[in-house]
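# An overview of the molecular structure
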Amino acid sequence: MRSERLTIAVQKSGRLSKESIKLLEACGVKFNLHEARLMAHSTSHPIDLLRVRDDDIPGLVMDGVVDLGLVGENVLEEEQIERTLKQQPNTYQSLRRLDFGFCRLSVAVPKEETYQGLASLDGKKIATTYPRLLERFLQEQGVKARTVMLTGSVEVAPRAGLADAICDLVSTGATLEANGLVEQEVIFRSQVQLIQRGESLSDEKQALVSKLLTRLDGVQLAKE
Ligand code: PRT
Ligand code: ZN
């Protein structure tokens, strides 16, 4: 039997963790967080938090393992393209776009390279953690470049001779600057979304989600 507690997947530790918990708490949901634990139970509502790596959140929602998730659109869209190609479960409902986790996925090239538009990327190797988003962009733009998958340290790939350019997340631009890279193309803009699994929830759980959304809208409005 399915648990009657609403389960929400959030990032365990990283850029989205604090804001995710803060948002839920601002909605009146209280938690007893133990740093090391995967699960956290709400002391005020029938809600359980599942604290995982952000990359796992879209899949957990699409597989219906959790009811809701808070995740960046970059990770969400990458997973959806991947699952669509592999014919795996890929549905979810977007409930709200939230005002944190803002960033952009951009192509950047070493500053000593002359860049004359997308044609300059033809035949080049581009290192990225988001190969599906990058490939979709390249295909749409008719650019024939190769993608090199790296899960970390993408910004050092050109200097290390692993790639000619990179496609990575940017917020202030300081990391690109520090690595002698120049942002040339923004291929995707991202912020955090609250998502729900595609399959319907029990009436009780859906009623709790509606209550949460009402509070969330109040919190977001108060911030404006
Ligand atoms: O361990 P886990 O897998 O959960 O965490 P992670 O290390 O994969 O992710 P984390 O915590 O770094 O980022 C989580 C999410 O935050 C991302 O998926 C984005 O949705 C969002 N986000 C917002 C960012 C940034 N801004 C960001 N600037 N994620 C990463 N960065 C990195 C970027 O990759 C680059 O290394 O910050 C650097 C660039 O920042 P600037 O300010 O120098 O431009
Ligand atoms: Zn991650």
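Description of the structure in this document. (Residues numbered from 1 in each chain as written. Chains lettered and ligands numbered in written order. Predicted model: local features only at pLDDT ≥ 70, side-chain atom pairs only at ≥ 80, totals over all residues. Heavy atoms only, no water.)

### So, the side chain of E185
Here E185 lies in strand β10 (residues 181–190). An unpaired buried charge is present at E185: no salt bridge exists, and R189, the closest side chain of opposite charge, is 10 Å distant. A distance of 2.6 Å separates the side chain of E185 from the side chain of Y115, its partner in a polar contact. Beyond its immediate stretch of four places on either side in the chain, E185 contacts L105, S106, V107, Y115, G117, L118 and F137. (Helix = DSSP H or I, 4+ residues; strand = E, 2+ residues; numbered from the N terminus. Buried < 20%, exposed > 50% of the residue type's maximum accessible area, 1.4 Å probe, protein only. Lys, Arg positive; Asp, Glu negative; His and termini not counted. Salt bridge = Lys/Arg side-chain N within 4 Å of Asp/Glu carboxyl O. Polar contact = N/O pair within 3.5 Å; in protein donor to acceptor, adjacent residues only side chain to side chain. Contact = heavy atoms within 4.5 Å.)

### Here's the deal with the packing of helix α3 (residues 73–85) against helix α4 (residues 131–141)
Put simply, α3 and α4 touch, their axes get as near as 8 Å, and they point 75° apart. With respect to each other, α3 and α4 are oriented roughly perpendicular. Contacts between α3 and α4 involve N74, E77, E78, I81, E82 and L85 on the former and, on the latter, P131, R132, L133 and R136. When its residues are assigned to classes, the contact of α3 with α4 shows four nonpolar, one polar and five charged. (Axes fitted to C-alpha atoms, helices over the stretch in contact; angles between N-to-C directions. Parallel < 35°, antiparallel > 145°, perpendicular 65-115°, else oblique. Nonpolar A, V, L, I, M, F, W, Y, C, P; charged D, E, K, R; others polar.)

### So, the coordination of the zinc ion (ligand 2)
Six octahedral donors around a metal ideally sit at 90 or 180 degrees from one another, while four tetrahedral donors ideally sit at 109.5 degrees. Each protein donor to the zinc ion (ligand 2) is listed here as D54 (OD) and D55 (OD); together their distances run 2.0 to 2.1 Å. Coordination at the zinc ion (ligand 2) is irregular, judged from the four donor atoms that bind it and the angles of 77 to 168° they form at the metal. (Donors = N, O, S within 2.8 Å, 3.2 Å for Na, K, Ca; no water. Tetrahedral: all angles 85-135°; square planar, octahedral: opposite > 155°, others 65-115°.)

### Details of the environment of T129
Structurally, T129 is set in the loop between β7 (125–128) and α4. Counting along the chain gives 85 residues from T129 to T214, while the straight-line C-alpha distance between them is 35 Å. Ignoring anything within four residues of it in the chain, the contact list for T129 reads E78, M149, L150, T151, V154 and C167. At a separation of 2.7 Å, a polar atom in the side chain of T129 contacts the main-chain carbonyl oxygen of L150.

### Describing the pairing of strand β3 (residues 47–52)
Here β3 lies mainly inside the structure; six of its six residues are buried. Burial along β3 is two-sided: I47, L49 and R51 and D48, L50 and V52, pointing in opposite directions, are all buried. Note: strand β1 (residues 6–11) against β3, six bridges, orientation parallel. Of the residues in β3, the one forming a bridge with L6 is I47. (Pairing = 2+ DSSP bridges.)

### Some thoughts on the environment of R189
Here R189 is to be found in strand β10. By relative accessible area, R189 is classed as exposed at 58%. Between the C-alpha atom of R189 and that of T84, which follows or precedes it by 105 residues, the distance is 21 Å. Beyond its immediate chain neighbours, meaning those up to four positions away, R189 contacts E73, C103 and R104.

### Some words on the sheet that holds strand β5 (residues 92–97)
Two strands in a sheet stick together by hydrogen bonds in their backbones, pointing the same way (parallel) or opposite ways (antiparallel). With respect to topology, six strands assemble into an open sheet ordered β2-β3-β1-β4-β11-β5, the strand pairing being mixed. Each edge of the open sheet is held by one strand with a lone partner, namely β2 (39–41) and β5. Sheet twist, expressed as the mean angle between neighbouring strand axes with direction ignored, is 25°. Bridge count between β1 and strand β4 (residues 68–72): two bridges; the pairing is parallel. Each bridged residue has a counterpart across the sheet, and for A9 the counterpart in β4 is G69. Along the sheet face, helix α1 (residues 17–26) touches β1, β3 and β4 and points at about 150° away from the line of β1. Packed on one face of the sheet, helix α6 (residues 203–223) meets β1, β3, β4, β5 and β11 (192–197) and runs near 25° to β5.

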